[in-house]
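Coordinate analysis (summary)
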Amino acid sequence: MTREDLPKVLEIMKREFPKWHAPIVKLIAQKRKDPLSALLCALLSTRTRDETTAEVCKRFLQRVKKPQDLLEIDQEELEKLIYPVGFYRNKARQLKELAKQLVEDFNGKVPDSLEDLLKLKGVGRKVANIVLSEGFGKPAIAVDVHVHRISNRWGLVKTKTPEETEEALMEILPREYWRDYNRLLVAFGQTICKPIKPKCGECPISKWCGYYNSLL
Ligand code: SF4
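Residues numbered from 1 in each chain as written. Predicted model: local features only at pLDDT ≥ 70, side-chain atom pairs only at ≥ 80, totals over all residues. Heavy atoms only, no water.

**Thoughts on the overall build of the protein**
Counted only if it meets this: Secondary structure follows DSSP: runs of H or I at least 4 residues long count as helices, runs of E at least 2 residues long count as strands, and numbering of each begins at the N terminus. When we talk radius of gyration, it's over C-alpha atoms, and the globule rule is simply 2.2 Å times the number of residues to the 0.38. A 1.4 Å probe rolled over the protein chains alone gives each residue an accessible area, and that area as a share of the maximum for its type sets the label: buried under 20%, exposed over 50%, partly exposed in between. Residue contacts follow a heavy-atom distance rule, with two residues in contact if any of their heavy atoms lie within 4.5 Å. Charge counting treats Lys and Arg as positive and Asp and Glu as negative, with His and both chain ends excluded. Lys charges are placed at NZ, Arg charges at CZ, Asp charges at CG and Glu charges at CD.
Broken down by element type, the protein carries 13 helices and 0 strands. In summary, the protein has a C-alpha radius of gyration of 18 Å against a globular reference of 17 Å for 216 residues, a match within 12%. In terms of overall dimensions, the protein has a C-alpha envelope of 60 × 30 × 30 Å along the principal axes. Within the span of the protein, comprising 216 residues, buried residues form 51% of the whole. The long-range share in the protein, meaning contacts at least 24 apart out of those at least 6 apart in sequence, stands at 61%. Averaged over its 39 positive side-chain charges, the protein has a centre that lies 5 Å from the centre of its 30 negative ones.

The structure is reproduced here in C-alpha cells:
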C-alpha cells in the first residue's frame, strides 16, 4: 500500500465500520464527549478487553464527573468501582495521583497540549493522543497495538515500535484522517485484521494489502 492509496482505503473502511460491530464502538458510546472521560477511559483500557472497559467506564463515569470526585473516593471503593480492569489496584492508586496532579497543577482541568498531558501520572503518547483527538477534537494519531500491526501489514510503514509508527504516519497520513485512523483501525483489528489468523477472505481492502499480496 502506498500513501496515495490511503484516502481510498480509509473511505472504504469508514463505509464498512458500522458493519463490524466492534467492541470499540460500545466503548466510544459509553464515554461523555469530554477530555476527562477520554483520559480516564483510556487509562482504564490499558491491559483490559474493550468489552470490560466499556462496562467499567459506564459506571465509573456516572460516579466521577470531575477530578475532585476521585480524591473524595477512598482507595477501596475506587478499586471496587473499576474492578475487573487489568491491574485495578495499581490503576486506582494511579487515578488518585492523577486527580491530585490535575487539581494542583492544572486547576482541575485536563491540559490540551501533548507536552502537558505527558506530565500526567501514567500517561504515555497513546493515551495523550487519544485525549487530544477524542477529548479536544484536535488532529492526533493514537497508535496502539492494532494501529501498529495493521499499518505494518499493509506495508504502509516498516517500523518496530508504536512510537516509530506514530512518527512515520505523521509524515504520510493526510491530517484530515489523523483523528479517525485509530478508531477505524482498532475496529478493523478487533473484527477482521486480527492479530492471529486475519480474515483476509472477508477483507474489503485486501487488494491494497502488502501482506495479502505477498501470499499470492
Ligand atoms: Fe488484514 Fe488480511 Fe485485510 Fe491484509 S488482507 S488488511 S492482513 S485482513
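**Concerning a negative patch on the surface**
Note the threshold: Only residues whose relative accessible area exceeds 30% and that form no salt bridge enter a patch; like-charged residues are grouped when within 9 Å of one another, and nonpolar side chains (Val, Leu, Ile, Met, Phe, Trp, Tyr) when within 5 Å. Each accessible area value is a Shrake-Rupley result obtained with a 1.4 Å probe; residue values ignore everything except the protein chains displayed when judging cover. Each reported salt bridge corresponds to a side-chain nitrogen of Lys or Arg within 4 Å of a carboxyl oxygen of Asp or Glu.
A surface patch of like charges, here negative, comprises Glu163, Glu164, Glu167 and Glu171. Structurally, glutamate 163 is set in helix 11 (residues 162-172). Here glutamate 163 falls in the partly exposed class, since its relative accessible area comes to 48%.

**Considering the layout of surface pockets**
Applicable threshold: The distinction between a cavity and a pocket rests on a 1 Å grid over the protein atoms alone: a 1.4 Å probe fits inside a cavity but cannot get out, while a pocket stays open yet meets protein on both sides within 12 Å along at least five of seven lines, and a residue with an atom within 4 Å of a point counts as lining. Grid points are joined across faces, edges and corners, and a volume is the space filled by probe spheres set on the points. For this scheme, ten residues count as nonpolar: Ala, Val, Leu, Ile, Met, Phe, Trp, Tyr, Cys and Pro. Four count as charged, namely Asp, Glu, Lys and Arg, and the remainder, Gly too, count as polar. A domain assignment, automatic or from a database, supplies the domain bounds used here.
Each pocket or cavity is described by its volume, and for the largest pocket that value is around 430 Å³. In this structure, the largest pocket is lined by 23 residues; those nearest its centre are Ser45, Asp50, Lys126, Asp144 and Val186. When contributions to the lining of the largest pocket are tallied by element, the ones reaching two or more residues are helix 2 (23-30), helix 3 (35-45), helix 4 (50-63), helix 9 (125-136), helix 10 (145-154) and helix 12 (178-191). By residue number, the principal contributor to the lining of the largest pocket is helix 2, which donates 4 residues. Among the residues forming the lining of the largest pocket, the class breakdown is 9 nonpolar, 6 polar and 8 charged. Inspection of the lining of the largest pocket shows a minimum of three residues originating in each of domain 1 (6-20 + 140-215) and domain 2 (25-135). Each pocket or cavity is described by its volume, and for the second largest pocket that value is around 300 Å³. What lines the second largest pocket is a set of 16 residues, among which Ile28, Ser133, Glu134, Arg179 and Arg183 lie closest to the centre. Of all the secondary-structure elements, those providing two or more residues to the lining of the second largest pocket are helix 3, helix 9 and helix 12.

**Observations concerning the site of the ligand**
Definition in use: Any residue with a heavy atom lying within 4 Å of a molecule or strand is counted as near it. For a molecule to be placed in a cavity or pocket, more than half of its atoms must lie within 2 Å of the grid points of that cavity or pocket.
In the vicinity of the ligand, the residues found are Arg153, Trp154, Phe188, Ile192, Cys193, Pro198, Cys200, Cys203, Ser206, Cys209, Tyr211 and Tyr212. Spatially, the ligand is embedded in the largest cavity. Looking at side-chain class alone, the shell around the ligand contains 10 nonpolar, 1 polar and 1 charged residues.

**Let's talk about the packing of helix 10 against helix 12**
This is how the line gets drawn: Comment: axis = line fitted to C-alpha atoms, over the contacting stretch for helices; angle = value between 0 and 180 degrees taken between N-to-C directions. Roughly parallel here means an angle under 35 degrees, roughly antiparallel means over 145, roughly perpendicular means 65 to 115, and every remaining angle is called oblique.
Closest axis-to-axis distance for the helix 10/helix 12 pair is 9 Å, and the angle between their directions is 80°. The angle between the axes of helix 10 and helix 12 places the two elements in the roughly perpendicular class. Contacts between helix 10 and helix 12 involve His146, Val147, Arg149, Ile150, Ser151 and Trp154 from the former and Tyr181, Asn182, Leu185, Val186, Phe188, Gly189 and Gln190 from the latter. Grouping the constituent residues of the contact of helix 10 with helix 12 by class yields 7 nonpolar, 5 polar and 1 charged.

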